[in-house]
Amino acid sequence: MELNNIDKELLKTIADLHEIPEGAYNIRKDGKLVSRNVSANIDIVSKTDKPGINIFIKDGTINESLHIPVIVSEAGLKDLVYNDFYVGKNCDVTIVAGCGIACGSSEDEGHDGVHSFFIEEGSKVHYIEKHYANGDGTGSRILNPVTKIELGKNSYMKMDTVQIGGVTSSKRDTNAELDDGAKLEINEKIMTDGNEYAETNFNVDLNGKDCSTHVVSRAVAKNESNQIFKSIINGNNKCFGHTECDAIIMDNAHIVAKPELTAASTEASLIHEAAIGKIAGEQIVKLQTLGLTETEAENEIIKGFLR
Amino acid sequence: MLELRDICFSVNDNGKVKQILKNINLTIDDDKFFVITGPNGSGKSTLAKIIMGINKPTSGKIIFNGTDITDLSITERAKLGISFAFQQPVKFKGITVKQMISLATGSEVSVGEACKFLSDVGLCARDYIDREIDGSLSGGELKRIEIATIVARASKLTIFDEPEAGIDLWSFNSLIKTFKNLKNKYKCGFIIISHQERILDISDSVIILSNGEIKEIGSKEKVFSRLSEIYSSCTKLVEEE
Ligand SMILES: Nc1ncnc2c1ncn2[C@@H]1O[C@H](COP(=O)(O)OP(=O)(O)O)[C@@H](O)[C@H]1O
Ligand SMILES: [Mg+2]
């Protein structure tokens, strides 16, 4: 199967891919494999019992990357995929996943990706996930990503998740369990417009001794859009957990932010912060004094906020 | 040249009309340092905001280089060449110092150029260029970045609202040098709102504002005695209360 220009545009947006990437990759379009490359340390094997792939990363794999973008462009297609990532011991790898939807018809299109990470002792994983949709069709573009993370002893995962536009409806569930000394950092960036709906649920179980997490979300809701952010951190041991939601609300949008902390140990230290507000008037005025129009000022403020 | 003709500004303060500026008449020539001084609450910042277009005068006219700008927006005035460094800098999550300088100059600045503006205000540029202009910076740092941003614009008329606040003596000297260089290089006008004698020293003209009125305009020597009068009457008032 060939990639057309729309596909290439989507790949650029969701995976920063201008050309075929270096290292291991698996490009999926409309429920089918387009191309795949494995490396000496990273193996990709199709599942036989359900759609999806198993990824095996050997112990000690350092400075390697894996790209697994998904494109949905077929009218009416609802793609469901299960990807399991087995990351061995003492690795340091970057994984870029992303889903781009090009919707040109009145039928709904969507992608539900279930990603499970099994990260062994001492490994570091940077996981980047971008969601984006475009096209002139009136059909809904629906994304419901599920991410399951098991972090082994002294392992570290940084997850950057970005949804910047065009997704009609999304429900994102992320569940993590941390072992001794493990660390999880999540940075979420979401912008909704029109009548879009975005729901995010984080659930982090801090089970191990001296494990920690930061779950940080920055969100902008415009026009009639709706956002729900829920973040649950359970401190079951000597641990540190922090969750923060910072949202800009505009026009007639609606935002719910619900951080929730549970401690089952006197040694658990947990913090939450949530703030929702409109763009500060003085910020707009300041940029106007530099020669920007009100609209230009708003755009710069949002661009910075979601940087 | 900037002309203020009979500018008044009042606000509604709990149902009562509060007059903040009363019949201000003033001509600011190009290529000159004007310093506005006067007690806290006398209306200095309000006057600056009226020139920039942030506040609209209740009555009166503002003429800038022959154009009536009374009804022009902030953006339009900025484009005509008026700049304003705020007394209290505004914070922005995610916007870096370099980006802000680029926004101010209207084009992407190089690291070298941005560094030059920052060193002018006594900041070690490399440490700051990629910092976000947010709560992680101290008050003094924010203030210096604010000034550097405005200096970078090199506008025809620039207003600095109490630039000395948060700046140490050494940087203060370099700031005065920067102002002088700008004046010589671009032949532009400056209005500096200040309480600092050092800034009064370099001024071509001092304007004393008290209770929303201009009490005196002239050279530092000429207005000095008047200044001490106004300040001592203020302290007396405080003592009497
Ligand atoms: N929008 C406003 N509403 C009510 N009072 C105001 C407003 N703006 C300024 N003031 C008042 O006007 C006076 C002058 O303020 P300002 O111009 O900030 O003084 P200065 O800069 O000389 O210290 C102060 O008493 C201030 O409280
Ligand atoms: Mg003031």
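Residues numbered from 1 in each chain as written. Chains lettered and ligands numbered in written order. Predicted model: local features only at pLDDT ≥ 70, side-chain atom pairs only at ≥ 80, totals over all residues. Heavy atoms only, no water.

To continue, consider the site of ligand 1. Residues and elements named next belong to chain B. Taken together, V11, K18, I20, P39, N40, G41, S42, G43, K44, S45 and T46 make up the full set of residues adjacent to ligand 1. In the model, an oxygen atom of ligand 1 is placed 2.8 Å from a nitrogen or oxygen of the K44 side chain. One of the side-chain nitrogen or oxygen atoms of T46 is found 2.5 Å away from an oxygen atom of ligand 1. With the chains in place, 61% of the 570 Å² that ligand 1 exposes on its own is no longer accessible. Mapped by element, the contributors of at least two residues to the shell around ligand 1 are β2 (16-28) and α1 (44-52). If one sorts the elements of the shell around ligand 1 by residue count, α1 sits on top with three residues. Per-class residue counts for the shell around ligand 1 are three nonpolar, six polar and two charged. (Near = heavy atom within 4 Å. Polar contact = N/O pair within 3.5 Å; in protein donor to acceptor, adjacent residues only side chain to side chain. Areas by Shrake-Rupley, 256 points an atom, 1.4 Å probe, with all protein chains shown as cover. Helix = DSSP H or I, 4+ residues; strand = E, 2+ residues; numbered from the N terminus. Nonpolar A, V, L, I, M, F, W, Y, C, P; charged D, E, K, R; others polar.)

If you look at the biggest cluster of nonpolar residues, it comprises 92 residues, and the most contacted ones within it are A:L287, B:L2, B:L4, B:L118, B:F160 and B:I191. When residues of this core are assigned to their parent elements, the largest contribution, seven residues, is made by helix α6 (residues 139-153) of chain B. If sequence neighbours within four positions are ignored, A:L287 has contacts with A:L292, A:A297, A:E300, A:I301, B:F92, B:M100 and B:L103. With 38 residues, the next largest nonpolar core counts A:A97, A:A182, A:V215 and A:L270 among its residues. (Core = buried A, V, L, I, M, F, W, Y, C linked by side-chain atoms within 4.5 Å. Buried < 20%, exposed > 50% of the residue type's maximum accessible area, 1.4 Å probe, protein only. Contact = heavy atoms within 4.5 Å.)

This part takes up the coordination of the magnesium ion (ligand 2). Residue and element names in this part refer to chain B. In the first shell of the magnesium ion (ligand 2), the protein supplies S45 (OG) and Q87 (OE1), at 2.1 to 2.3 Å from the metal. Here the residue S45 occupies a position in helix α1, and Q87 occupies one in the loop between β6 (82-85) and α3 (97-105), the gap between them amounting to 42 residues. By relative accessible area, Q87 is classed as partly exposed at 31%. (Donors = N, O, S within 2.8 Å, 3.2 Å for Na, K, Ca; no water.)

Contacts between the two partners involve 25 residues from chain B and, on the opposite side, 18 residues from chain A. Roughly 1800 Å² is buried in total at the junction of chain B and chain A, and carbon and sulfur atoms are behind 63% of that figure. Area buried by chain B at its contact with chain A is led by B:F92, B:K93 and B:L103, which between them contribute 30% of it. Between chain B and chain A we count three salt bridges in total. Measuring nitrogen to oxygen at the nearest pair gives 2.3 Å for the salt bridge that ties A:D246 to B:K93. Here chain B and chain A share eight residue pairs in polar contact (both at pLDDT 80 or more) between them. Listed by contribution, the elements that provide at least two residues to the side of chain B that touches chain A are α2 (74-80), β6, α3 and α6 of chain B. Residue classes in the side of chain B that touches chain A are distributed as 14 nonpolar, five polar and six charged. (Buried area = accessible area lost by both parts, 1.4 Å probe. Salt bridge = Lys/Arg side-chain N within 4 Å of Asp/Glu carboxyl O.)

To continue, consider α6(B). Here α6(B) contains 15 residues, and its C-alpha end-to-end distance of 22 Å stays within 8% of the 21 Å for a straight helix at 1.5 Å per residue. Looking one or two residues past α6(B), B:A154 carries a phi angle of roughly 45°, positive in sign. (Expected span 1.5 Å × (residues − 1).)

Quick look at the environment of B:L227 now. All names here are of chain B. Its location among the elements puts L227 in helix α9 (residues 220-240). The class of L227 is buried, set by a relative accessible area of 9%. Residues L227 and Q99, spaced 128 residues apart in sequence, show a C-alpha to C-alpha distance of 41 Å. Setting aside residues up to four positions removed in sequence, L227 forms contacts with T37, L200 and I208.

Residues and elements named next belong to chain B. Where burial is concerned, most of strand β9 (residues 205-210) is hidden: six out of the six residues are buried. The alternating pattern of β9 places S205, I207 and L209 on one face and V206, I208 and S210 on the opposite face, and all of these are buried. Sheet topology note: the β9/strand β10 (residues 213-218) ladder contains five bridges and is antiparallel. Of the residues in β10, the one forming a bridge with I207 is I217. (Pairing = 2+ DSSP bridges.)

Glancing now at the sheet that holds strand β3 (residues 33-37) of chain B. Backbone hydrogen bonds hold the strands of a sheet together, and the pairing may be parallel or antiparallel. Residues and elements named next belong to chain B. The strand order β6-β7-β8-β3-β9-β10 describes an open sheet built from six strands, whose pairing is mixed. Of all strands in the sheet, those bounded by a partner on one side alone are β6 and β10. Ignoring strand direction, the axes of neighbouring strands in this sheet form an average angle of 15°. Looking at chain direction, β6 and strand β7 (residues 157-161) are connected through four bridges and run parallel. Following the sheet pairing, F84 is matched in β7 by I159. Packed onto the sheet, α1 meets β3, β6, β7, β8 (189-193) and β9 and runs at close to 150° relative to β6. α6 contacts β6 and β7 of the sheet and is inclined by roughly 170° relative to β6. (Axes fitted to C-alpha atoms, helices over the stretch in contact; angles between N-to-C directions.)

As a further point, take the pattern of salt bridges. Under the criterion given, the structure shown has 22 salt bridges over all chains. As a salt-bridge pair, B:K220 and B:E197 come within 3.5 Å of each other at their nearest N and O atoms. Here the residue B:K220 occupies a position in helix α9, and B:E197 occupies one in helix α8 (residues 197-201), the gap between them amounting to 23 residues. By relative accessible area, which is 15% here, B:K220 ends up buried. Under the relative-accessibility criterion, B:E197 is labelled partly exposed at 42%. Ionic pairing is found between B:D201 and B:K220, a salt bridge with its closest N-O pair at 2.6 Å. Within this pair, whereas B:D201 is found in helix α8, its partner B:K220 is found in helix α9, the two being separated by 19 residues in sequence. Put simply, A:E129, A:R172 and A:E188 are held in one network by salt bridges that share partners.

Moving on, we get to the packing of aromatic side chains. For the structure on display, the rule yields 11 aromatic pairs over all chains. Their ring planes at 10° and their centres at 5.3 Å tell us that A:F56 and A:Y86 sit as a pair that is stacked. Note that A:F56 is positioned in strand β4 (residues 52-57) and A:Y86 in strand β6 (residues 78-87), a separation of 30 residues in sequence. Looking at A:F56, the relative accessible area reads 37%, which means it is partly exposed. Through a chain of ring-to-ring contacts, three or more aromatic side chains come together here, namely B:F33, B:F160, B:F179 and B:F190. One residue, A:K286, lies across the ring of B:F86, its end atom 4.3 Å from the ring centre. Positioned above the aromatic ring of B:F117 is the side chain of B:K116, whose terminal nitrogen or guanidinium carbon lies 4.5 Å from the ring centre. (Phe/Tyr/Trp six-rings, centres within 6.5 Å; stacked < 30°, edge-to-face > 60°. Lys NZ or Arg CZ within 6 Å of the ring centre and 35° of its normal.)

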